[in-house]
Amino acid sequence: MPFSVFLDMTISACITVWSPGPNNILLLSTASKYGIRKNLKLLLGIWTGSLTLMCMSGLFCSALGHIIPGIQPLMKYIGAAYILYLAWVTLRRTPPSDQSQEKEPSYLMGLFLQLLNVKIIVYGLTMFSSFILPHEQRTPMLFLFAVYLMFLGAVGNLIWACAGNVLKRFYGDHYRLMNVIMALLLVWCCLRIIGIM
């Protein structure tokens, strides 16, 4: 994989998994209520689910490419369209509301949240079909990319968990500027995927 493609993938992945979503909002909420230590099981559940989904995405996209030759270019445009959709959603996003979390976070809560998280499922499919599979087909490398994509998500999860109420207040005060910047970066990544930039 050329370094420029790796860099584009990393930027797109970070924007996707570091932006507010089910995992990050839950971590923001539970960390502000229970602290980081009581969120460790939740984090481990999210990370286990994320690695599972990334491996499944890589295998699914790779198998589909072998079953239907020539689908990679089509999947690239589907992935680019999804990234444009994420840019639109990001641009329109508002700060999260205060919701009390009654149940203490657990490993299974994180695992099930991740396995049902459409954002992360589509994230894995998009990263593999748009960035990885056009350049790499070997199973060990696909696994390494799955671990890398999960690692990027884990870093984002930790950022949100550690930020707690501080980030929630900052995002609430400056969410429009942050949304515009993230949306423009996603559009840039989309244009790079389809070869315009």
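Look up: the structure comes first, before these words.
Residues numbered from 1 in each chain as written. Predicted model: local features only at pLDDT ≥ 70, side-chain atom pairs only at ≥ 80, totals over all residues. Heavy atoms only, no water.

Asker: Just to check I follow, could you spell out the packing of helix α1 (residues 3–18) against helix α6 (residues 118–132) for this structure?
Answerer: For the pair α1 and α6, the least separation of the axes is 11 Å and the interaxial angle reads 170 degrees. Here α1 lies roughly antiparallel to α6, going by the angle between them. In this structure, α1 uses V5, D8, M9, S12, A13, T16 and V17 to contact α6, whose residues at the interface are K119, I120, Y123, M127, F131 and I132. Partitioning the contact of α1 with α6 into residue classes produces 9 nonpolar, 2 polar and 2 charged. (Axes fitted to C-alpha atoms, helices over the stretch in contact; angles between N-to-C directions. Helix = DSSP H or I, 4+ residues; strand = E, 2+ residues; numbered from the N terminus. Parallel < 35°, antiparallel > 145°, perpendicular 65-115°, else oblique. Contact = heavy atoms within 4.5 Å. Nonpolar A, V, L, I, M, F, W, Y, C, P; charged D, E, K, R; others polar.)

Asker: What's the story with empty space enclosed by the protein in this structure? I'm lost.
Answerer: If a probe as big as a water molecule is rolled over the atoms, it shows which places are left empty. Per the counting criterion, the structure on display carries 2 cavities of 30 Å³ or more. Taken together, 20 residues form the lining of the largest cavity, with V17, N23, Q114, I120 and N157 sitting closest to its centre. Broken down by secondary-structure element, the contributors of at least two residues to the lining of the largest cavity are α1, α2 (22–34), α3 (40–67), α6 and α7 (139–193). It is α7 that contributes the most residues to the lining of the largest cavity, 5 residues altogether. The space that makes up the second largest cavity amounts to roughly 30 Å³. Lining of the second largest cavity is provided by I15, T16, S19, L86, T90, K119 and L186. Breaking the lining of the second largest cavity down by element, the ones donating at least two residues are α1 and α4 (71–92). Tallied by class, residues from the lining of the second largest cavity come to 3 nonpolar, 3 polar and 1 charged. (1 Å grid on protein atoms, 1.4 Å probe; cavity = no way out; pocket = protein on both sides within 12 Å on 5 of 7 lines; lining within 4 Å. Points joined across faces, edges and corners; volume = space filled by probe spheres on them.)

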